[in-house]
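Listed below, chain by chain, are the residues.
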Amino acid sequence: MKKTLGLFYFITILYGIAAISIDPLIPIISKELNVGYDRIGLMLLIGYIFSLVSSLITGTLCDRVNIKKVILAGLAILFLGFIIFGFKISVIIFIISLILQKSGYSSIDSSMHSFVAKVYHNMHAPIFIKIDIMFYIGSIISPLLISFLLFFNIPYRYAFFLFAAVILILAFLLFLNLKKLDIKKIIIENQKISESEESCGIPAKKERLNIIIILCCLVMFFSMASLSGTSSWFTTYLSTFNISVAYGSIGLSVMWMVSVLSLTGFLKIFKRTNEITILLFGGVLGIIFLSVAALSTNIVVKLVFLLLHAGCYSCFFSMLTSIATYEAHKSKGSVLGLIITCAFSGSIIFQPILGYFAQYLGSGSVIYVLIAGYFISLIFLLLLFYFLKKKHKRMRIMLRLRKHEAKMI
């Protein structure tokens, strides 16, 4: 089982490298394709739409078919996306590559999280955090790789042939490893444990209509929309202050490094607190940091707080996914597919909006769209806190009643 998790981590690192590699290249791709930022935003929109659909389909499939097949199918799609992007770029090739890469990873992401949630019963939160850490590690490596290629005038597309080769090797190793595991048996045993817990006081939920899951989805939508927007338009925003793409890529790498350090810290303190407390702390502090970055006229102060704000939101994906998964007993795959879809769908709305603002109001205006997204997510986060507190209070009362009944017997 440890080998399977290890391969999941390597796959996540690789996708972190490949996915973030496109973000700092937006100004260069815009020139190569001879299209404006508004059109680039629409192309990214197309990729995220397919990502959304893939995530929804994958989540449902994970509850109905063998998860092994779903994971391997996602890897095959991702492999094709890397290969295509390695060829001479054109508008069509760029769009097809985005569709395959986004669809492939959203499929892998949903199926990996579903695998962990079903196999590691009620112990999945730390693993979700570690998966996120691996993605951020890939995000650190990626801009440094792009900077290296740009400094030495090496065509950036060659890197994607390397990504394709590595994903092929990882897919083969994962196939051999999953072949040895009787996943169906493990899932059935955990299902019995879950049903036993429900009979001991944890009420069964109408899972996808559960208010806690709905609020998790809304917080995920707005927070991830802004965080992915920060990554996608980071170098574009800095170009307003005459910072080149090569140096902006290094800054983006540092931003993800801050996220890794922050997420590692959250993992250590997680045992002493809970998801919602960490989320509230990060949400409030993150808005303050980004607002300082937006209003400051000093480029050093602006950069420092722009980097720090990303660390505050680094835990949102894993923590919100964890809360939603704990609410699901019989349809973990579908609920995971739903909340991961919300993470991707936020970018669907925000990418063209950010592209429009960058094109017509100036690159510096995108930061105010990001602040608005984070602020809306904080409102829903406060509602989530209220309903979680209400639920836990009700559960404590139920447990006391059961203890009292047991004494009476």
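Residues numbered from 1 in each chain as written. Predicted model: local features only at pLDDT ≥ 70, side-chain atom pairs only at ≥ 80, totals over all residues. Heavy atoms only, no water.

What about the overall build of the protein?
To keep it simple, the criterion reads: To qualify as a helix, a DSSP run of H or I must reach at least 4 residues; to qualify as a strand, a run of E must reach at least 2; elements of each kind are numbered from the N terminus. For every residue, the accessible area (1.4 Å probe, protein chains only) is compared with the maximum for its type, and the residue is labelled buried under 20%, exposed over 50%, or partly exposed between those bounds. Should any heavy atoms of two residues lie within 4.5 Å, those residues are counted as being in contact. Calculation of accessible area relied on Shrake-Rupley with a 1.4 Å probe; when residues are assessed, cover is drawn exclusively from the protein chains displayed.
Per the secondary structure count, the protein includes 16 helices and zero strands. Evaluated residue by residue, the protein yields a buried proportion of 57% over its 409 residues. Relative to all contacts within the protein whose residues are 6 or more apart in sequence, the contacts with residues 24 or more apart total 85%. About 17800 Å² of surface is accessible on the protein, with carbon and sulfur atoms providing 71% of the total.

A look at helix 2 (residues 26–33)
Just so we agree on the cut-off: Arc definition: it is the arc formed by the directions from the helix axis to the C-beta atoms.
When helix 2 is considered as a whole, its buried residues turn out to be Ile26, Pro27, Ile29, Ser30 and Leu33. Buried residues of helix 2, viewed axially, fall in a sector of 165°; they line one side. Count one or two residues on from helix 2 and you reach Asn34, which has phi positive near 60°.

Notes on the environment of Phe163
Inspection of the secondary structure puts Phe163 in helix 7 (residues 158–179). Residue classification places Phe163 among the buried positions, given a relative accessible area of 4%. Spatially, the C-alpha atoms of Phe163 and Leu78 are 9.7 Å apart, while their sequence positions differ by 85 residues. Residues contacting Phe163, with those up to four places away along its chain left out, are Leu14, Ile17, Ala18, Ser21, Phe82 and Leu145.

Here's the deal with the environment of Leu295
Within the element layout of this structure, Leu295 appears in helix 12 (residues 275–295). The class for Leu295 is exposed, based on a relative accessible area of 66%. Between the C-alpha atom of Leu295 and that of Ile367, which follows or precedes it by 72 residues, the distance is 10.0 Å.

Some points on the packing of aromatic side chains
Stated formally: Within 6.5 Å between ring centres, the rings of Phe, Tyr and Trp (the latter by its six-membered ring) count as paired, and their orientation is classed by plane angle as stacked under 30 degrees, edge-to-face over 60, tilted in between.
In the structure shown here, the tally under the stated rule is 17 aromatic pairs. Aromatic side chains Phe160 and Phe163 sit 5.1 Å apart centroid to centroid with 75° between the ring planes, which places their arrangement in the edge-to-face category. On the criterion of helical spacing, the pair formed by Phe160 and Phe163 is a turn pair, its members being three residues apart in helix 7. Here Phe160 matches Phe163 in class, with each residue buried.

Observations regarding the confidence of the model for the protein
Under the convention used in this document: Think of pLDDT as the predictor's per-residue confidence, scored from 0 to 100.
Looking at the protein as a whole, the pLDDT averages 80, with 87% of positions reaching at least 70. Per-element confidence in the protein is highest for helix 12, whose mean pLDDT is 91, and lowest for helix 8 (residues 183–199), whose mean pLDDT is 50. Within the model, pLDDT remains below 50 along residues 401–409, and this stretch shows three contacts once partners closer than five positions in the same chain are excluded.

Quick look at the environment of Ser249
Relative to the helices and strands, Ser249 resides in helix 11 (residues 245–269). Between the alpha carbons of Ser249 and Phe148 there is a distance of 9.9 Å; along the sequence they are 101 residues apart. When near neighbours in sequence (up to four residues on either side) are disregarded, Ser249 contacts Pro24, Pro143, Ile146, Ser147 and Thr235.

A short note on the packing of helix 1 (residues 2–22) against helix 4 (residues 67–85)
The condition that has to hold: To obtain an axis, a line is fitted to C-alpha atoms, over the contacting stretch when the element is a helix, and the angle between two such axes runs from 0 to 180 degrees between their N-to-C directions. Working rule for handedness: look at the near helix, and if it is turned counterclockwise from the far one by less than a right angle, call the crossing left-handed; if clockwise, right-handed. Ten residue types, Ala, Val, Leu, Ile, Met, Phe, Trp, Tyr, Cys and Pro, are classed as nonpolar, four, Asp, Glu, Lys and Arg, as charged, and the remainder, Gly among them, as polar.
Taken N-terminus to C-terminus, the directions of helix 1 and helix 4 make an angle of 35°; their axes are 12 Å apart at the nearest point. Crossing angle aside, the handedness with which helix 1 passes helix 4 is left-handed. On helix 4, the residues that touch Phe8, Ile11, Leu14, Tyr15, Ala18 and Ile22 of helix 1 are Ile71, Leu75, Leu78, Phe82 and Phe85. Grouping the constituent residues of the contact of helix 1 with helix 4 by class yields 11 nonpolar, no polar and no charged.

Here we look at the side chain of Asn210
Quick reminder of the rule: Here a polar contact means two N or O atoms within 3.5 Å. Within protein one must be a hydrogen donor candidate and the other an acceptor candidate, and residues neighboring in sequence count only if both atoms are side-chain atoms.
Residue position: Asn210 is located in the loop between helix 8 and helix 9 (211–232). From its side chain, Asn210 meets the backbone nitrogen of Ile212 in a polar contact 2.9 Å long.

What to know about unusual backbone geometry
Unusually for a residue other than glycine, Asn34 sits at a positive phi of about 60°. Counting through the fold element by element, Asn34 comes out in the loop between helix 2 and helix 3 (37–62). Phi is positive for Asn153, which is not a glycine, with a value near 55°. Within the element layout of this structure, Asn153 appears in the loop between helix 6 (124–151) and helix 7.

Points about the side chain of Thr230
Looking at the secondary structure, you find Thr230 in helix 9. Setting aside residues no more than four positions away along its own chain, Thr230 makes contact with Met255, His309, Leu370 and Tyr374.

A word on the nonpolar core
Let me state the cut-off plainly: Only buried residues count toward a nonpolar core, which is a set of Ala, Val, Leu, Ile, Met, Phe, Trp, Tyr and Cys residues joined through side-chain atoms within 4.5 Å.
Ranked by internal contacts, the top residues of the largest apolar core, which has 134 residues, are Ile29, Phe82 and Leu384. No other element matches the 13 residues that helix 1 contributes to this core. Contact partners of Ile29, with chain neighbours within four places excluded, come to Ile22, Ile40, Phe85, Ile89, Phe94 and Tyr156.

Here's the deal with the packing of helix 1 against helix 5 (residues 91–119)
The test is simple: Each angle gets one of four labels, with under 35 degrees taken as roughly parallel, over 145 as roughly antiparallel, 65 to 115 as roughly perpendicular, and the rest as oblique.
Contact geometry of helix 1 with helix 5 gives a least axis separation of 11 Å together with a crossing angle of 150°. Accordingly, the angle class assigned to the pair helix 1 and helix 5 is roughly antiparallel. Our pair here, helix 1 against helix 5, has a crossing hand that is left-handed. On helix 5, the residues touching Thr4, Leu5, Phe8, Ile11, Thr12, Tyr15, Ala18 and Ile22 of helix 1 are Phe94, Leu98, Gln101, Lys102, Tyr105, Ile108, Met112, Phe115 and Val116. Counted by class, the contact of helix 1 with helix 5 contains 13 nonpolar, three polar and one charged residues.

Here we look at a nonpolar patch on the surface
Worth spelling out the cut-off: Note that patches include only residues with greater than 30% relative accessible area and no salt bridge, and the join distances are 9 Å for like charges and 5 Å for nonpolar side chains (Val, Leu, Ile, Met, Phe, Trp, Tyr). Each salt bridge in this description consists of a side-chain nitrogen of Lys or Arg and a carboxyl oxygen of Asp or Glu lying within 4 Å of one another.
A contiguous nonpolar patch, built from Phe87, Leu144, Phe148, Phe151, Phe152, Ile154, Tyr158, Phe161, Tyr247, Ile250 and Val254 and spanning about 1100 Å² of accessible area, is present on the exposed surface. Put simply, the parts of the chain that give the nonpolar patch at least two residues each are helix 6, helix 7 and helix 11. The topology assignment puts Tyr247 in helix 11. According to the relative accessible area criterion, Tyr247 is exposed, its value standing at 55%.

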